[in-house]
Amino acid sequence: MTVQPTLVAFVVSFVGGPLLCAAFLRMPSSLGMLLGLAAGVALTMAVALWLEDRDPLASLTALWLGWILAVAMVAHALFRRLGKKARRWVFVVALLATPLPWFGLAAAQMMV
């Protein structure tokens, strides 16, 4: 039995992404956390660009991780800005935003 790459991408996007984002969102919101997430986004984007011609799947994985980090960074910024009242809504919207790249990948595969 072979595992379909599309199924793996689906599970990673809809299960792994929200779980990883939730782990980042459980950490305390501080300026250091925002700076760390911003550095992580920059690093994963640089790695994705470096891997683009060498290993396209690893490049796509780095882009996906950068997306998760960016979503967590924006959520932490909103936590700090909006306070405790909006924390639950920001948390839910951030988790819902993590699988968005899946729809781009699925649309691209439908065009092939």
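Residues numbered from 1 in each chain as written. Predicted model: local features only at pLDDT ≥ 70, side-chain atom pairs only at ≥ 80, totals over all residues. Heavy atoms only, no water.

### Digging into helix 1 (residues 5-25)
- When the terminal C-alpha atoms of helix 1 are compared, their 28 Å separation across 21 residues agrees well with the 30 Å that a helix rising 1.5 Å per residue should span.
- At glycine 16, helix 1 shows its maximal kink, close to 35°; a proline, proline 18, follows between one and four residues later.
- Along helix 1, the residues classified as buried are Ala9, Ser13, Gly17, Pro18, Cys21, Ala22, Phe24 and Leu25. (Helix = DSSP H or I, 4+ residues; strand = E, 2+ residues; numbered from the N terminus. Expected span 1.5 Å × (residues − 1). Bend = angle between axes of the 7 residues up to and from the residue. Buried < 20%, exposed > 50% of the residue type's maximum accessible area, 1.4 Å probe, protein only.)

### Brief notes about helix 4 (residues 87-97)
- Taken as a whole, helix 4 has its buried residues at Val90, Phe91, Ala94 and Ala97. Buried residues along helix 4 cover an arc of 130° about the axis, so they all sit on one side. For helix 4, exposure combined with an orientation more than 90 degrees from the buried face picks out Arg88, Trp89, Val93 and Leu96. (Arc of directions from axis to C-beta.)

### Considering the environment of alanine 94
- Counting through the fold element by element, alanine 94 comes out in helix 4.
- Expressed as a C-alpha distance, the spacing of alanine 94 and alanine 72, which sit 22 residues apart in the sequence, is 6.9 Å.

Interpretation in functional terms is not warranted from these geometric data alone.
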